[in-house]
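# Fold and contact review
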Amino acid sequence: MTIRDEHHGSPEMGEMERGTPQRLAARNQMWTLAWTALSVLLAIWSLAWAVGAARGSTNAWAYCLAGLVLLACALWARRSAIRNSPPRHL
C-alpha cells in the first residue's frame, strides 16, 4: 500500500447509484461546469457585439445589452450552483 492510498483511501470514485454522495457531487459539478461554459460564451458574444457597435454595425448595442443581461443571469445561476453544492471536505 502506498502513502497515497493510506491518505486518500480507494482511488475509485465509488458507487454512482441514485442518492449516493458521489452522484450528487458529480451532478453539482456538471451544473457548475455548464453555467461556467454558458457564462464564457455569453461574455464572448457580448464583447463581439460591443466591438461591432464600436465599428458602427446596425443594432449592435441591442445585441450587446441582451448578451450582458443574459450574462448576468448565467453568472447568478453559476454562483447559486456553487453556493448550493455540498462541502468538498468531510
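Look above for the structure.
How each quantity is defined
- Residues numbered from 1 in each chain as written.
- Predicted model: local features only at pLDDT ≥ 70, side-chain atom pairs only at ≥ 80, totals over all residues.
- Heavy atoms only, no water.
- Helix = DSSP H or I, 4+ residues; strand = E, 2+ residues; numbered from the N terminus.
- Buried < 20%, exposed > 50% of the residue type's maximum accessible area, 1.4 Å probe, protein only.
- Contact = heavy atoms within 4.5 Å.
- Areas by Shrake-Rupley, 256 points an atom, 1.4 Å probe, with all protein chains shown as cover.
- Polar contact = N/O pair within 3.5 Å; in protein donor to acceptor, adjacent residues only side chain to side chain.
- Phe/Tyr/Trp six-rings, centres within 6.5 Å; stacked < 30°, edge-to-face > 60°.
- Expected span 1.5 Å × (residues − 1).

The next subject is the overall build of the protein chain. Within the protein chain, the regular secondary structure consists of 3 helices and 0 strands. When the helices and strands of the protein chain are read in sequence order from the N terminus, they spell out α-α-α. Counting across all 90 residues of the protein chain, residues that qualify as buried make up 16%. Long-range pairs, those at least 24 residues apart, make up 51% of the contacts in the protein chain with a sequence separation of at least 6. Of the roughly 7600 Å² that the protein chain leaves accessible, carbon and sulfur atoms contribute 64%.

Here we come to the side chain of Ser 46. Inspection of the secondary structure assignment puts Ser 46 in helix H2 (residues 21–55). Overall, the relative accessible area of 4% leaves Ser 46 in the buried class. There is a polar contact of 3.2 Å between the side chain of Ser 46 and the backbone nitrogen of Leu 68. The contact partners of Ser 46, leaving out residues within four places of it in the chain, are Cys 64, Gly 67 and Leu 68.

With respect to the helices and strands, Thr 36 occurs in helix H2. Each C-alpha atom of the pair Thr 36 and Ala 77 lies 9.3 Å from the other, and the pair is 41 residues apart in sequence.

On to the packing of aromatic side chains. According to the stated counting rule, one finds 2 aromatic pairs in the structure shown. Summarising the aromatic geometry, the rings of Trp 31 and Trp 35 are spaced 6.4 Å apart at their centres and angled 20° between planes, so their arrangement reads as stacked. Taken together, the residues Trp 31 and Trp 35, both in helix H2 and 4 residues apart, mark about one turn of the helix. Judged by relative accessible area, which is 45%, Trp 31 ranks as partly exposed. On the basis of relative accessibility, which here comes to 26%, the residue Trp 35 falls in the partly exposed class.

Even without glycine at this site, Asn 59 takes up a positive phi of about 60°. Along the chain, the position of Asn 59 falls in the loop between H2 and helix H3 (60–83).

A word on H3. A rise of 1.5 Å per residue sets the reference length of H3, with its 24 residues, at 34 Å; its end C-alpha atoms lie 34 Å apart and thus fit the reference within 8%. Along H3, the positions that sit buried rather than exposed are Ala 60, Cys 64, Gly 67, Leu 71, Ala 74, Ala 77 and Ala 81. Buried residues belonging to H3 abut H2.

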